[in-house]
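What the coordinates show
These are the residues of each chain, in order.
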Amino acid sequence: MNPMLAHSAHTLQLARETLDIEAAALLRMKDRLDERFVQAVNMVLAVQGRVVVTGMGKSGHIGRKIAATLASTGTPAMFVHPGEASHGDLGMIKIVDVVLAISNSGESDELIAILPVLKRQGVPLIALTGGLQSSLARHADVVLDCSVDKEACPLNLAPTASTTAQLAMGDALAVALLDARGFKPEDFARSHPGGSLGRKLLTHVGDVMRKGTEVPQVGPDAEFTTLMREMSSKGLGATSVTDAEGRVLGVFTDGDLRRLIEKGVDLRNLSAREVMHPNPRTIRQDALAVEAAEMMELYRITSILVVDAQGLLCGAINSNDLMRAKVI
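These numbers were taken from a predicted model, which means no experiment stands behind them.

Conventions adopted
Residues numbered from 1 in each chain as written. Predicted model: local features only at pLDDT ≥ 70, side-chain atom pairs only at ≥ 80, totals over all residues. Heavy atoms only, no water. Helix = DSSP H or I, 4+ residues; strand = E, 2+ residues; numbered from the N terminus. Rg over C-alpha atoms; globule rule 2.2 N^0.38 Å. Buried < 20%, exposed > 50% of the residue type's maximum accessible area, 1.4 Å probe, protein only. Contact = heavy atoms within 4.5 Å. Areas by Shrake-Rupley, 256 points an atom, 1.4 Å probe, with all protein chains shown as cover. Lys, Arg positive; Asp, Glu negative; His and termini not counted. Charge placed at Lys NZ, Arg CZ, Asp CG, Glu CD. Pairing = 2+ DSSP bridges. Right-handed = clockwise from strand over helix to strand, strands pointing away. Axes fitted to C-alpha atoms, helices over the stretch in contact; angles between N-to-C directions. Phe/Tyr/Trp six-rings, centres within 6.5 Å; stacked < 30°, edge-to-face > 60°. Lys NZ or Arg CZ within 6 Å of the ring centre and 35° of its normal.

All right, on to the overall build of the protein then. Of the regular secondary structure elements, the protein holds 15 helices and twelve strands. For 328 residues, the compact-globule estimate of 2.2 N^0.38 gives 20 Å, and the protein exceeds it by more than 25% at 31 Å. Counting every position in the protein, which comprises 328 residues, the buried fraction comes to 44%. In the protein, 64% of the contacts between residues at least 6 apart in sequence involve partners at least 24 apart. Accessible area of the protein: about 17,600 Å², with a carbon and sulfur share of 54%. Taking the average location of the 34 positive side-chain charges in the protein and that of its 38 negative ones, the two points are 1 Å from each other.

Right, here's the structure in full:
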């Protein structure tokens, strides 16, 4: 039996029609936005608890994503399944919370069953629905109109345009709340420590730098052979030159060595002081690691010496360290 194959032209046409229907639904929803949206935002800002998102079926899946988006952008949120709420999970919802209920029809049995209890408890209710005269809409304190003219499904049955509208309205709420709270990239990073932005905004030089005996270091009067052994053994491609207190006087790198050899300089009797590059670029250990990466790129260097608040050498960092930490 031959497998079914999609007809190319028809398939592409259907896909384009789906996107057209859903895009048109969002634009019409945009035109309907009014002060009720502002009311919903202010209602969320006013509560001391969380946004409890609830919805059944496909609306429930959208609700989980909205709750996750709210939580990651500064608005504490969680999802509660309306069916489970009727069997004990309603206890998760407190009077200090606000409920965001999602239903295209506004008549989902599991959702409608818990509305009277929420109203008796005095929990504020925001509805995302296409059923503006539905039971959900009548119970809600604020109704956000997510109605669509038709679903993208050719049968006009499967939730497609309607769930896209719900998701977009949830994103609009999250963005408005993010702005109202003055949410910054650093705040986003704190809730995403495992992501690339989190690593860039939360990782400091002191977290990834080489320390102690891993840091190549010689005194200014060290012989050139001593300097070379130190640089080779530590594998950083450079060594620091410091005074007796640990203040950085200079640095000597692989590049400096090549340049001296090209000039034909007799290196055997030279000291570290005579070959070092004085006053090298350094970075504080409390600086962000991404700042070290930017400095390396700007000055076309591969390693930087790290100093503490008193200006004393406390570490070293190179591009490989930053790559291992996934900062670059």
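More follows now that the structure is in view.
A few words now on the pairing of strand β1 (residues 51-55). Buried residues dominate β1, accounting for five of its five residues. Residues V51, V53 and G55 of β1 are buried on one face, and the alternating residues V52 and T54, pointing to the opposite face, are buried as well. Of the strand pairs in this sheet, β1 and strand β2 (residues 77-79) are connected by three bridges, and their pairing is parallel. If you follow V52 over to β2, its bridge partner there is M78. In this fold, the crossover linking β1 to β2 by way of helix α3 (residues 58-72) has right-handed handedness.

Before going further, it helps to spend a moment on the sheet that holds strand β7 (residues 238-242). Picture the strands of a sheet paired through backbone hydrogen bonds; they go either parallel or antiparallel. Strand order in this open sheet of four strands is β6-β7-β8-β9, and the pairing throughout is mixed. Edge positions in the sheet fall to β6 (217-218) and β9 (277-278), since each has one partner strand and no second. With two bridges connecting them, strand β8 (residues 248-253) and β9 associate as antiparallel partners. From the neighbouring strand, V251 faces β9, where its bridge partner is H277. The strands touched by helix α11 (residues 224-234) within the sheet are β6, β7 and β8, with β8 carrying the most contacts at an inclination of about 75°. Helix α12 (residues 254-262) rests against β8 and β9 of the sheet, and its axis sits at about 65° to β8.

On to helix α14 (residues 289-299). It helps to recall that an α-helix has 3.6 residues per turn; residues three or four apart then point in one direction. Residues A289, V290, A292, A293, M295 and M296 constitute the buried set of α14. R300 occupies a position one or two residues after α14 and carries a positive phi of about 55°.

All right, on to the environment of I261 then. With respect to the helices and strands, I261 occurs in helix α12. Its relative accessible area of 54% is what places I261 among the exposed residues.

Take the packing of aromatic side chains next. What the rule picks out here adds up to one aromatic pair. Ring centres 5.8 Å apart and planes at 85° place the aromatic pair F224 and F252 in the edge-to-face group. Placement of the pair is F224 in helix α11 and F252 in strand β8, with a sequence separation of 28 residues. Each member of the pair, F224 together with F252, is buried. The side chain of R281 reaches across the aromatic face of Y299, ending 3.5 Å from its centre.

With that settled, the discussion passes to the side chain of S303. Position of S303 relative to the elements: it lies in strand β11 (residues 303-307). In this view, S303 contacts L236, A238, M296, I317 and N318; residues no more than four positions away in its chain are not counted.

This next bit is on the sheet that holds strand β3 (residues 98-103). The strand order across the open sheet built from five strands is β2-β1-β3-β4-β5, with neighbouring strands paired in parallel fashion. The open sheet has two free edges, formed respectively by β2 and β5 (142-145), since each of these has just one partner strand. The sheet shows a mean angle of 20° between the axes of neighbouring strands, direction not considered. Its contacts with the sheet put α3 on β1, β2, β3 and β4 (125-129), and the angle it makes with β2 is roughly 160°.

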